[in-house]
Amino acid sequence: MSTVQEAQAILRAFDFDRQRTNEQAGRTLLALAGLDENSAWADATNKRMGVRQILDWMRGPLNHPIAENTRETIRRFVLHQFVDVGFCLHNDDDPSRATNSSKNNYRLNPEALLTIRLYGTPDFGPAIEEYVAEAGSLAAKYQAARDLARIPVTTPEGDTFTLKAGGQNVLIKAMVEEFCTYFVPGGEILYVGDADQKLATFERERLAALGVDIDERGKMPDLVVYQPDKNWLFLMEAASTHGPVDHIRYSQLSGLFSGSTAGLVYVSCFPDRAVMRRFLPDLAWETEVWLASDPTHMIHLNGERFLGPYQH
């Protein structure tokens, strides 16, 4: 029989800490292994499961009532740690999958699965010793596979960092590499939001020096760039599917950056005109629009400021 207590013992054998060996973690392991308390560990599987499926398994085969709001706790405090050490794989069928995709999934590392199936036999001890000895290299192997799917980004100054592949980050790469090159020469990138790491770059002290003290990361724009020679702070939103600077967002950002000693420039960034058209009626006045498909031009929603002929 595969009980929650045995699942906890297995996690302890894999050298997880106290929080990753509690009953919740034990039930998570049982769900990932496709077992109930009448199953044998030798029958463990590693079918890909989303967090909702894991919760459904706990409520169903494990007959354990669990609240829906526990979903985030399991994802952040159990599954993330399982993934970090290579015990569990995240989206190994498509590492570029967006973080907010409904297809996000987890499954037990095949090497870990082979060891788990031996629990309760004389071979488990030697197998766990071998696994733990190789754990570092296994984690590195699966981390390397995830890293291959990341998007490399090069700033105009030549610095590099990576973003999770997919989602808005393809557009954020263009914003950094194209927009900043054309429109913010000499700009300092102070913040880049990444759906995977939450914060790819956050120059908190530099922002504080400009009068911006931010604790609520969730309200930050996707990209913040400072242009020292003009003392302008660009607040840029990537809007390939949602989130341009409409009147509500304009008000939020104005409040968030109200202490800024630099002038604020609000920019909605779109992949192309077709996407922009969907949001055009909602865009706020006194903002800018930039299209990755036409990187050398901007659209100004600034009224009288730009009224008049161009000087040639």
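For the structure given in this document, a descriptive report is provided here. For clarity, every value in this text was computed on a predicted model and none was experimentally measured.

### Here's the deal with the pairing of strand S9 (residues 263-270)
Counting buried positions along S9 gives six out of eight residues, so the element sits mostly inside the fold. Sheet topology note: the strand S8 (residues 232-238)/S9 ladder contains seven bridges and is parallel. Residue pairing in the sheet places Leu-233 in a bridge with Leu-264 of S9. Running through helix H9 (residues 247-256), the crossover from S8 to the neighbouring parallel element S9 is right-handed. Two elements, S9 and strand S10 (residues 287-291), share four bridges in a ladder whose sense is parallel.

### Section: the environment of His-297
Position of His-297 among the secondary structure elements: in the loop between S10 and strand S11 (298-301). A sequence separation of 118 residues divides His-297 from Phe-179, and the C-alpha atoms of the two residues are 9.2 Å apart. Setting aside residues no more than four positions away along its own chain, His-297 makes contact with Phe-183 and Trp-290. Among the polar contacts made by the side chain of His-297, one reaches the side chain of Thr-296 at a distance of 3.0 Å.

### A look at the packing of helix H2 (residues 23-32) against helix H4 (residues 71-84)
For the pair H2 and H4, the least separation of the axes is 11 Å and the interaxial angle reads 70 degrees. Taken as axis vectors, H2 and H4 run roughly perpendicular relative to one another. Viewed along their axes, H2 and H4 form a crossing whose handedness is right-handed. Mapping the contact onto sequence places Gln-24, Ala-25, Thr-28 and Leu-32 in H2 and Thr-73, Ile-74, Val-78, Leu-79 and Phe-82 in H4. Here the contact of H2 with H4 is composed, by residue class, of six nonpolar, three polar and no charged.

### Some words on the environment of Phe-279
With respect to the secondary-structure elements, Phe-279 resides in helix H10 (residues 273-279). Separated by 11 residues in the primary sequence, Phe-279 and Ser-268 place their C-alpha atoms 9.9 Å from one another. Those residues in contact with Phe-279, other than ones at most four positions away along the chain, are Ala-239, Thr-241, His-242, Pro-244 and Phe-270.

### Thoughts on the nonpolar core
Formed by 37 residues in total, the largest nonpolar core has its most connected members in Phe-14, Leu-29, Phe-82, Phe-87 and Ile-116. For this core, the secondary-structure elements that each account for two or more residues are helix H1 (4-13), H2, helix H3 (51-59), H4, strand S2 (106-108), helix H5 (110-116) and helix H6 (124-148). When residues no more than four places from it in sequence are discounted, the contact partners of Ile-116 are Ile-10, Phe-14, Leu-29, Trp-41, Ala-44, Phe-87 and Leu-108. Counting residues in each nonpolar core, the second largest holds 22 residues, with Val-153, Val-184, Ala-238 and Cys-269 among its members.

Conventions adopted
- Residues numbered from 1 in each chain as written.
- Predicted model: local features only at pLDDT ≥ 70, side-chain atom pairs only at ≥ 80, totals over all residues.
- Heavy atoms only, no water.
- Buried < 20%, exposed > 50% of the residue type's maximum accessible area, 1.4 Å probe, protein only.
- Helix = DSSP H or I, 4+ residues; strand = E, 2+ residues; numbered from the N terminus.
- Pairing = 2+ DSSP bridges.
- Right-handed = clockwise from strand over helix to strand, strands pointing away.
- Contact = heavy atoms within 4.5 Å.
- Polar contact = N/O pair within 3.5 Å; in protein donor to acceptor, adjacent residues only side chain to side chain.
- Axes fitted to C-alpha atoms, helices over the stretch in contact; angles between N-to-C directions.
- Parallel < 35°, antiparallel > 145°, perpendicular 65-115°, else oblique.
- Left-handed = near helix turned anticlockwise from the far one by under 90°.
- Nonpolar A, V, L, I, M, F, W, Y, C, P; charged D, E, K, R; others polar.
- Core = buried A, V, L, I, M, F, W, Y, C linked by side-chain atoms within 4.5 Å.

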